[in-house]
Amino acid sequence: MRGPGWIRGLREEEARQLRREIGRLERGLIEAANSKAKWNLHEVAHTLRWQKARLRRLEECLEAMPEGKRASDRS
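Just so you know, these numbers come straight off a predicted model, no measurement behind them.

Another aspect to go through is the overall build of the chain. Scanning the chain from N- to C-terminus turns up two helices and zero strands. For the chain, the residues scored as buried account for 24% of the 75 residues in total. Carbon and sulfur atoms make up 54% of the accessible area of the chain, which totals about 5900 Å².

Here is the structure:
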């Protein structure tokens, strides 16, 4: 049976993926702002705000979760 440590590990991996996605979106926002075709700027900015809000909620969730034991901690 999987416990809180397993769930926390899933959420931590999800947060890492979100941080990578946010970095990609920030680079995309800079590229869109510098390009002559600004039509994409609004969409990238909206997605970036949404992902940052999602990451904040996920980090709040992680703070509230008990540490638990991870599979790598067990012998």
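This next bit is on a nonpolar patch on the surface. The grouping of Trp6, Ile7 and Leu10 at the surface amounts to a nonpolar patch, some 260 Å² of accessible area in total. Here Ile7 lies in helix 1 (residues 4-34). Given a relative accessible area of 34%, Ile7 falls into the partly exposed group.

With that out of the way, let us pick up the nonpolar core. Counting 10 residues, the largest nonpolar core consists of Ala15, Leu18, Ile22, Leu25, Val44, Leu48, Leu55, Leu58, Leu62 and Met65. Mapped by element, the contributors of at least two residues to this core are helix 1 and helix 2 (41-64).

A word on the pattern of salt bridges. Opposite charge on two side chains allows them to pair when their charged atoms are near. What the rule picks out here adds up to eight salt bridges. The closest approach of N and O atoms between Glu14 and Arg11, which form a salt bridge, is 3.3 Å. You can see Glu14 and its partner Arg11 sitting in helix 1, three residues apart, about one turn around the helix. Since its relative accessible area comes to 23%, Glu14 is described here as partly exposed. Residue Glu21 pairs with Arg24 through a salt bridge whose shortest N-O separation is 2.6 Å.

Within the element layout of this structure, Glu26 appears in helix 1. Note on Glu26: relative accessible area 33%, which makes it partly exposed.

With 31 residues, helix 1 extends 45 Å between its outermost C-alpha atoms, agreeing within 8% with the 45 Å of an ideal straight helix rising 1.5 Å per residue. Packed against the buried residues of helix 1 are helix 2.

The next thing to look at is helix 2. Compared with the 34 Å implied by 1.5 Å per residue over 24 residues, the 35 Å span of helix 2 between its first and last C-alpha is a close match. Buried within helix 2 are the following residues: Val44, Ala45, Leu48, Gln51, Ala53, Leu55, Leu58 and Leu62.

This part covers the side chain of Gln51. Looking at the element boundaries, Gln51 is found in helix 2. What makes Gln51 buried here is its relative accessible area of 8%. When neighbours within four sequence positions are excluded, Gln51 is seen to be in contact with Leu18, Glu21, Ile22 and Leu25.

Thresholds, definitions, all that
- Residues numbered from 1 in each chain as written.
- Predicted model: local features only at pLDDT ≥ 70, side-chain atom pairs only at ≥ 80, totals over all residues.
- Heavy atoms only, no water.
- Helix = DSSP H or I, 4+ residues; strand = E, 2+ residues; numbered from the N terminus.
- Buried < 20%, exposed > 50% of the residue type's maximum accessible area, 1.4 Å probe, protein only.
- Areas by Shrake-Rupley, 256 points an atom, 1.4 Å probe, with all protein chains shown as cover.
- Patch = residues over 30% accessible without salt bridge, like charges linked within 9 Å, V, L, I, M, F, W, Y side chains within 5 Å.
- Salt bridge = Lys/Arg side-chain N within 4 Å of Asp/Glu carboxyl O.
- Core = buried A, V, L, I, M, F, W, Y, C linked by side-chain atoms within 4.5 Å.
- Expected span 1.5 Å × (residues − 1).
- Contact = heavy atoms within 4.5 Å.

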